[in-house]
Amino acid sequence: MGTQPTKILTKRRKQPRDLIFAVLLLVIAAALAGTWGYFNQPHQRILRGKAQVDQLLSGQRFAEATRLLRSLQQENPLFVQGADFLLQAGDVSRIHLDQPQRALLDYLLLIQQYPDHPAALKAQRRIADLFFYRLQDYPRAINFYHDLLEAGAPDKDQLHYRLGEAYFRQDNFEQACIEWGQALELYPDSSLVPEILYRLARTRALQGNVDEAIRLYQILTEDHAGDPFAQEGRIGLAAALEEQGRLREALDVLERLQEDVLDSPALMRRIEQVRARMERKKEAI
């Protein structure tokens, strides 16, 4: 038997390509770990901050809650939660601290830094309402309501109504009627229709357009008879008819109102006044 050649087993040396690949994997892993640590740290801070805000609010420590909310936003301005922090800070200042100006600053900062966030539209609406109700700055309220319409806010019927109110409070009756008229035309199924009809009718009566006021009052009282504004509309209709000297029609409206809805001393006095006018008119003839 011949002697078999001895096989010498040698370890295969790693190719440079394998070493490079291994190093790259280590680098990527380290980078991912660092990135996760970097982003996870503020995320944990945000979660802890939210819990602290809830505790402060439940304890009615509203000023501290607003300071913490603003701090959370300032520490993490690139996180989308910053918009929610500013919105909540503004709401707490507005509702619980009675600080409308401070709330305005929070809302305006939100709109500036997070213009595409859904909270920006909410902030814009709150600003408009603050100018309208609390600060009674109607020109600025009008600007923000118009901006909301252009931005595609969902409650356009409400916005047209508020615009009409803002113009009315500036004694711009014609523009108020235009806004209310647009609301009726564009949103005929809105729950605000009876109220808008009533406001339109009253405004037309103030402008001296009694015929138009009567027409609007009649639409209100006939098409929306069950609405609370229809009751006020019947009183307004009677007054407009009386102004035109149509006393018999005015009396009929008041007497039906007394039978159907209202039996009050004030209404009785009104009925007696109309009857007295009718008697005087007969005597004059």
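These figures come from a predicted structure and were not determined experimentally.

Engineer: Describe the environment of Ala 128, and please don't skip the residues or the numbers.
Structural biologist: Take Ala 128: it is sitting in helix α5 (residues 118-134). Ala 128 gets classed as buried once you look at its relative accessible area, which sits at 0%. Once the C-alpha coordinates of Ala 128 and Leu 159 are considered, the two residues, 31 residues apart in sequence, prove to be 9.9 Å apart. When sequence neighbours within four positions are dropped, the list of residues in contact with Ala 128 reads Ala 141, Phe 144, Tyr 145 and Leu 148.

Engineer: Please set out the layout of surface pockets residue by residue, giving values where relevant.
Structural biologist: One simple way to see leftover space: roll a probe sized like a water molecule over the atoms. By volume, the largest pocket amounts to about 230 Å³. Taken together, Gln 218, Thr 221, Glu 222, Ala 225, Arg 234, Leu 237, Leu 241, Glu 249, Asp 252, Val 253 and Arg 256 make up the lining of the largest pocket. Elements represented by at least two residues in the lining of the largest pocket include exactly α10 (210-223), α11 (228-243) and α12 (247-260). In terms of residue count, α12 provides more of the lining of the largest pocket than any other element does, four residues in total. Grouping the amino acids of the lining of the largest pocket by side-chain chemistry returns four nonpolar, two polar and five charged.

Engineer: Tell me about helix α7 (residues 156-169), and please be specific about residues and values.
Structural biologist: Residues separated by three or four positions in an α-helix point in the same direction, a consequence of the helix having 3.6 residues per turn. Over its 14 residues, α7 runs 20 Å from end to end, which matches the ideal 20 Å to within 8%, given 1.5 Å per residue. The element α7 is largely enclosed, with a buried count of ten among its 14 residues. Every buried residue belonging to α7 is among Asp 157, Leu 159, His 160, Tyr 161, Arg 162, Leu 163, Gly 164, Glu 165, Ala 166 and Tyr 167, and all of these are buried. As for α7, its buried residues are in contact with α5, α6 (138-151), α8 (173-186) and α9 (193-206).

Engineer: Residue-level account of the packing of aromatic side chains, with values.
Structural biologist: For the coordinates displayed, the defined rule picks out eight aromatic pairs. Aromatic side chains Tyr 198 and Phe 229 sit 5.7 Å apart centroid to centroid with 45° between the ring planes, which places their arrangement in the tilted category. Remark: Phe 229 occurs in helix α11 and Tyr 198 occurs in helix α9; sequence separation between them is 31 residues. Taking the relative accessible area as the measure of exposure, Phe 229 reaches 27% and is therefore partly exposed. Aromatic rings pair up to connect Phe 132, Tyr 133, Tyr 138 and Tyr 145 into one cluster.

The rules behind the values
Residues numbered from 1 in each chain as written. Predicted model: local features only at pLDDT ≥ 70, side-chain atom pairs only at ≥ 80, totals over all residues. Heavy atoms only, no water. Helix = DSSP H or I, 4+ residues; strand = E, 2+ residues; numbered from the N terminus. Buried < 20%, exposed > 50% of the residue type's maximum accessible area, 1.4 Å probe, protein only. Contact = heavy atoms within 4.5 Å. 1 Å grid on protein atoms, 1.4 Å probe; cavity = no way out; pocket = protein on both sides within 12 Å on 5 of 7 lines; lining within 4 Å. Points joined across faces, edges and corners; volume = space filled by probe spheres on them. Nonpolar A, V, L, I, M, F, W, Y, C, P; charged D, E, K, R; others polar. Expected span 1.5 Å × (residues − 1). Phe/Tyr/Trp six-rings, centres within 6.5 Å; stacked < 30°, edge-to-face > 60°.

Note that all results are geometric; they support no functional claim without further evidence.
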